[in-house]
Amino acid sequence: MPDTTPHQPALPRQRAVKAVIPAAGLATRFLPATKAVPKELLPVVDRPVLQYIVEEAAAAGIRDILLVTGRGKTSMVDHFDRRPDLEARLAEKGDDERLAAVKRPSELAEIYTCRQGEPLGLGHAISYGESHVGNEAFACLLGDEFVEETKPLMPAMLDLQAQTGGIVLAFIEVEPEETSRYGIASVEPSGLSAEAGEVLKVTGLVEKPKPEEAPSNLAVIGRYVLPPTLFDAIRRIGPGAGGEIQLTDAMALMLAEGTPVHGIVYRGIRYDTGLPLGYLQAVVQLACQRDDLGPAFSHWLTQFVEKDLRG
């Protein structure tokens, strides 16, 4: 007999609404500046790096953010708190522009925190978010990079993960000599599309391979949308590169066990403040884009390059 049992249509997956930002690293490349000031609070013109990242998440509809912090980093949380004394002083002076700028961080999202006892790898840091995100997909944004505001990446990643239910990564193309700095993916066509860039199906992941061993030039950057099953995978892997618990290893395990993994190739500008050179480049690029600073700064910079550097 034919099956006459009514079938309910599959419910659409929920788009992730929470994010985890791992920010517990020691930032040794920026010492001694980061001895007392978290790297995530170093200013890019007049906003700290971390605020750009939280703004990126908030613009994508994420208003619940967990900061995974470390020893000596409580000032990161303070930045997203209110300062009634400062706000009152600015209000008295009639400085509405700076008053709005001071209030803005506290209005972006609900910020929660937990502390990672010692930095044992990115996978270890993200594992601290398990009780916060629960049985939901979530975004992960690394605390030292962000993308240009006019070419957002996170909305497309959230939509794609809600469609596939697996892992969604962000890729950039790198030079062969740079592969040893990143997780590198092997890929094939996916048949899917996204507004932010080409969507590829991931068939393998390798953490920081030598150029001659890299399966492609597609590097995983610090934006992920992850299913909650990631936490179990983290528990089941051992130390990887550098003796640390690596997120790439946990994702590779999930991929091997059948979790779909896709990546979006991002073509916009990625500001990488994790190294001093990238940090300085981000400051210069964003200063030049400012309406209030750009013209004068660009003029000075041109003169400096043409006269002082070239002699």
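What you see is a predicted model, and the numbers here were worked out from it, not measured in a lab.

## Structural notes on the state of the cysteines
1) Next: Summed over all chains, the structure comprises zero disulfides.
2) Next: Between Cys 140, a free cysteine, and Cys 114, which holds the nearest cysteine sulfur, the sulfur-to-sulfur gap is 12 Å.

## Remarks on the packing of aromatic side chains
1) Next: If you walk through the whole model with that rule in mind, you get six aromatic pairs.
2) Next: Taking the centre distance of 4.5 Å and the plane angle of 10 degrees together, the rings of Tyr 52 and Phe 146 count as stacked. Of this pair, Tyr 52 sits in helix H1 (residues 49-59) while Phe 146 sits in strand S7 (residues 145-147), placing them 94 residues apart in sequence.
3) Next: Here Tyr 52 falls in the buried class, since its relative accessible area comes to 10%.

## Observations concerning the UniProt feature "domain: Nucleotidyl transferase" (unreviewed entry) in the chain
1) Next: When the UniProt feature table is mapped onto this chain, "domain: Nucleotidyl transferase" (unreviewed entry) is found at residues 18-285.
2) Next: The annotated region residues 18-285 carries 33% helix and 28% strand content, and the separation between its end C-alpha atoms amounts to 30 Å.

## Quick look at the pairing of strand S11 (residues 218-226)
1) Next: Taking burial as the measure, the nine residues of S11 include nine buried ones, the bulk of the element.
2) Next: Two strands pair when backbone bridges link them, and strand S6 (residues 138-141) and S11 are joined in this way by four bridges, in the antiparallel orientation. Bridging across to S11, Ala 139 finds its partner in Val 225.
3) Next: Direction of pairing for strand S9 (residues 183-194) relative to S11: antiparallel, over a ladder of two bridges. Residue pairing across strands places Ile 184 opposite Ala 219, the latter belonging to S11.

## Observations concerning the packing of H1 against helix H4 (residues 96-108)
1) Next: It is at 10 Å that the axes of H1 and H4 come closest, and there the two elements cross at 55 degrees. With respect to H4, the axis of H1 lies oblique. Between H1 and H4 lies a crossing of left-handed hand. Facing Gln 51, Val 54, Glu 55 and Ala 58 of H1, the residues of H4 in contact are Arg 104, Pro 105 and Leu 108.
2) Next: Considering only residue class, the contact of H1 with H4 consists of four nonpolar, one polar and two charged.

Conventions used here
Residues numbered from 1 in each chain as written. Predicted model: local features only at pLDDT ≥ 70, side-chain atom pairs only at ≥ 80, totals over all residues. Heavy atoms only, no water. Disulfide = S-S within 2.5 Å. Phe/Tyr/Trp six-rings, centres within 6.5 Å; stacked < 30°, edge-to-face > 60°. Helix = DSSP H or I, 4+ residues; strand = E, 2+ residues; numbered from the N terminus. Buried < 20%, exposed > 50% of the residue type's maximum accessible area, 1.4 Å probe, protein only. UniProt positions renumbered as here; feature names shortened; annotations may be inferred. Pairing = 2+ DSSP bridges. Axes fitted to C-alpha atoms, helices over the stretch in contact; angles between N-to-C directions. Parallel < 35°, antiparallel > 145°, perpendicular 65-115°, else oblique. Left-handed = near helix turned anticlockwise from the far one by under 90°. Contact = heavy atoms within 4.5 Å. Nonpolar A, V, L, I, M, F, W, Y, C, P; charged D, E, K, R; others polar.

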